[in-house]
Amino acid sequence: MLKKLFKWLAGLFIVLVAAWSALLFVPKDNGKGYRVKVEKNQGMASVGRKLADDGVIYNRHVVLGTAYLLGVHNRLHTGTYRLPKKVSAWQILQKLRGGRPDSVTVRIVEGMRFSQMRNIINNTADIEHETRGWSNEKLLKTIDPNPLSDNPEGLFFPDSYEIDAGSSDLQIYKTAYRMMQRNLQAAWDERQSGLPYQNPYELLIMASLIEKETGHEADRRHVSAVFANRIAIGMRLQTDPSVIYGMGSAYNGRIRKADLQRDTPYNTYTRAGLTPTPIALPGKAALEAAAHPSQEKYLYFVSKMDGTGLSQFSHTLDEHNAAVRKYILKR
């Protein structure tokens, strides 16, 4: 009986190994090439699920199990890998294991500063860092000899950019710059009448202020209205994000009364009008809000402090003071 059991188990083992090997080594014809994208901190479990869902591999459990055996299940290198139309799961694993993506994705988030964008690009692996030692001035002049401003802040569009591995980082900057020019010009061309902005650059500055003040769709056009209404009547914008920007490295996470009183070119409590440059990289939604503020005559807003990030808007100082007592002072 033991001998028969052993033979049965041995036969079963051989069948399982053969099946496993077939699922792993036999190429699957997918009819066309495929690009598998590995996000930051993504492991083989989620990548394998995506490959299986798209029909690129026969069985994700075989792929994941083999990845565990190879010790690469959670050591995937961020990037995009190109696969031929006919490929085996083993070949896919070897490509991912090699950690040499065919293209690299760099994500720039709305509201980041240009300095943060440069830091992200400078620390992105598998691309040529041609611009790493360049000054901001050299970088901007290389892209555009006649930019809207000598300060690059706000002139680059926040988005996800994919370039071939080994390509120059200058390609990302050029693409992001061109995208911002297109989006800004579109917002300017489609803007509503009567706005207190003289040119597209002033609209870009306003979009950056809106971007830093709120990330809520419901609030963007109202914030835009508050700032536009204030400019129209000569009232100071008094927006904290601009003060923070002007503080530079001195900002430690909070603003004191002295910071609001200390004059800098970006202190909208001490200076009227727009800041001299944008204070961040605004996204498309902020650009559209700057070009299309709501029709409300709001002049004030304050955070509701309820965990939503939403604000309470007011037409008059009395309304605003009442909102401050309700939401800030809790009285």
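Whatever comes next refers back to the structure up there.
What you see is a predicted model; the values in this text were computed from it and never measured. (Residues numbered from 1 in each chain as written. Predicted model: local features only at pLDDT ≥ 70, side-chain atom pairs only at ≥ 80, totals over all residues. Heavy atoms only, no water.)

Asker: I'd like a rundown of the overall build of the chain, residues and numbers included.
Answerer: When you go through the chain residue by residue, the secondary structure sums to 13 helices and eight strands. The C-alpha radius of gyration of the chain comes to 27 Å, more than 25% above the 20 Å expected for a compact globule of 331 residues. Seen through its principal axes, the chain has C-alpha atoms that stretch 95 × 55 × 40 Å. Taken across its 331 residues, the chain has 41% of its residues classed as buried. Of the contacts formed within the chain by residues at least 6 apart in sequence, a portion of 66% connects residues at least 24 apart. Total accessible area computed for the chain in this model is approximately 17800 Å², and 51% of it derives from carbon and sulfur atoms. Once the 45 positive and 32 negative side-chain charges of the chain are each reduced to a mean point, those two points are 9 Å apart. (Helix = DSSP H or I, 4+ residues; strand = E, 2+ residues; numbered from the N terminus. Rg over C-alpha atoms; globule rule 2.2 N^0.38 Å. Buried < 20%, exposed > 50% of the residue type's maximum accessible area, 1.4 Å probe, protein only. Contact = heavy atoms within 4.5 Å. Areas by Shrake-Rupley, 256 points an atom, 1.4 Å probe, with all protein chains shown as cover. Lys, Arg positive; Asp, Glu negative; His and termini not counted. Charge placed at Lys NZ, Arg CZ, Asp CG, Glu CD.)

Asker: Let's hear about the pattern of salt bridges: which residues, and what values?
Answerer: Side-chain pairs of opposite charge can arise whenever the charged atoms involved come near each other. A complete count under the given rule lists 10 salt bridges for this structure. Put simply, Lys141 and Asp150 hold a salt bridge, and the shortest N to O gap is 3.7 Å. Asp263 is paired through a salt bridge with Arg271; the nearest N and O atoms lie 2.8 Å apart. Within this structure, Arg256, Asp259 and Arg262 form a network of salt bridges that share partners. (Salt bridge = Lys/Arg side-chain N within 4 Å of Asp/Glu carboxyl O.)

Asker: Summarise a nonpolar patch on the surface; cite the residues concerned and give the values.
Answerer: A cluster of nonpolar side chains, namely Phe13, Ile14 and Val17, defines an oily patch on the protein surface of about 310 Å² accessible area. If you trace the backbone, Val17 turns up in helix H1 (residues 2-25). By relative accessible area, Val17 is classed as partly exposed at 37%. (Patch = residues over 30% accessible without salt bridge, like charges linked within 9 Å, V, L, I, M, F, W, Y side chains within 5 Å.)

Asker: If you had to explain the pairing of strand E6 (residues 160-164) to someone new, which residues and values would you point to?
Answerer: Where burial is concerned, the two faces of E6 differ: the one with Tyr161 and Ile163 is buried and the one with Ser160, Glu162 and Asp164 is not. In this structure, strand E5 (residues 103-107) lies alongside E6, joined through five bridges in antiparallel fashion. Residue pairing across strands places Val104 opposite Ile163, the latter belonging to E6. (Pairing = 2+ DSSP bridges.)

Asker: Explain the packing of helix H6 (residues 136-143) against helix H7 (residues 170-189) to me, and be specific about the residues and the numbers.
Answerer: When two helices pack together, their arrangement is captured by the angle between the axes and the distance separating the axes. The geometry of H6 relative to H7 is characterised by a closest axis approach of 10 Å and an angle of 65° between their N-to-C directions. It follows from the interaxial angle that H6 and H7 lie roughly perpendicular. Once H6 is placed against H7, the crossing between them reads as right-handed. In this structure, H6 uses Leu139, Leu140, Thr142 and Ile143 to contact H7, whose residues at the interface are Leu170, Tyr173, Lys174 and Tyr177. Residue composition of the contact of H6 with H7, grouped by class: six nonpolar, one polar and one charged. (Axes fitted to C-alpha atoms, helices over the stretch in contact; angles between N-to-C directions. Parallel < 35°, antiparallel > 145°, perpendicular 65-115°, else oblique. Left-handed = near helix turned anticlockwise from the far one by under 90°. Nonpolar A, V, L, I, M, F, W, Y, C, P; charged D, E, K, R; others polar.)

Asker: Mind laying out the nonpolar core, listing which residues take part and the relevant values?
Answerer: Ranked by internal contacts, the top residues of the largest apolar core, which has 54 residues, are Met117, Phe156, Tyr173, Leu203, Phe227 and Leu287. Secondary structure elements with two or more residues in this core: E5, helix H5 (114-122), H6, E6, H7, helix H8 (200-213), helix H9 (217-232) and helix H12 (284-291). Looking at this core element by element, the count peaks at 10 residues for H7. Not counting residues up to four positions away in its chain, the partners in contact with Phe227 are Met206, Leu209, Ile210, Glu213, Leu237, Thr239 and Phe301. With 22 residues, the next largest nonpolar core counts Val38, Val62, Leu76 and Leu93 among its residues. (Core = buried A, V, L, I, M, F, W, Y, C linked by side-chain atoms within 4.5 Å.)

Asker: Any details on the packing of H7 against H8? Residues and values, ideally.
Answerer: The interhelical angle for the contact between H7 and H8, taken along N-to-C directions, is 100°, at an axis separation of 10 Å. By the criterion of interaxial angle, the relationship of H7 to H8 is roughly perpendicular. Mapping the contact onto sequence places Met180, Leu184, Gln185, Ala187 and Trp188 in H7 and Pro200, Leu203 and Leu204 in H8. Here the residues of the contact of H7 with H8 sort into seven nonpolar, one polar and no charged.

Asker: I'd like to hear about helix H2 (residues 44-53), residue by residue, with values.
Answerer: For H2, the set of buried residues is Met44, Val47, Gly48 and Leu51. Viewed along the axis of H2, the buried residues span an arc of 100°, placing them on a single side of the element. Tucked into the core, H2 has its buried residues touching strand E2 (34-38), helix H3 (60-70) and helix H4 (89-98). Of the residues trailing H2, Gly55 is marked for its positive phi of about 75°. (Arc of directions from axis to C-beta.)

Asker: Now, about the environment of Leu140: what can you tell me, with residues and values included?
Answerer: When you line up the elements, Leu140 lands in helix H6. Leu140 sits 109 residues away from Gly31 along the chain, and the two C-alpha atoms are 44 Å apart. Filtering out sequence-adjacent residues up to four positions away, Leu140 remains in contact with Pro147, Ser149, Asp150, Asn151, Pro152, Leu155, Phe156 and Tyr177.

Asker: Describe in detail the packing of aromatic side chains, supporting the description with residues and values.
Answerer: In total, this model carries nine aromatic pairs according to the counting rule given. Connected via pairs of aromatic rings, a cluster forms that spans Phe114, Phe156, Tyr173 and Tyr177. The residue whose ring lies beneath Lys28 is Tyr58, and the NZ or CZ to ring-centre distance is 5.8 Å. Sitting over the ring of Trp188, Arg191 keeps its end group 3.6 Å from the ring centre. (Phe/Tyr/Trp six-rings, centres within 6.5 Å; stacked < 30°, edge-to-face > 60°. Lys NZ or Arg CZ within 6 Å of the ring centre and 35° of its normal.)

Purely spatial values, then, with no claim about function.
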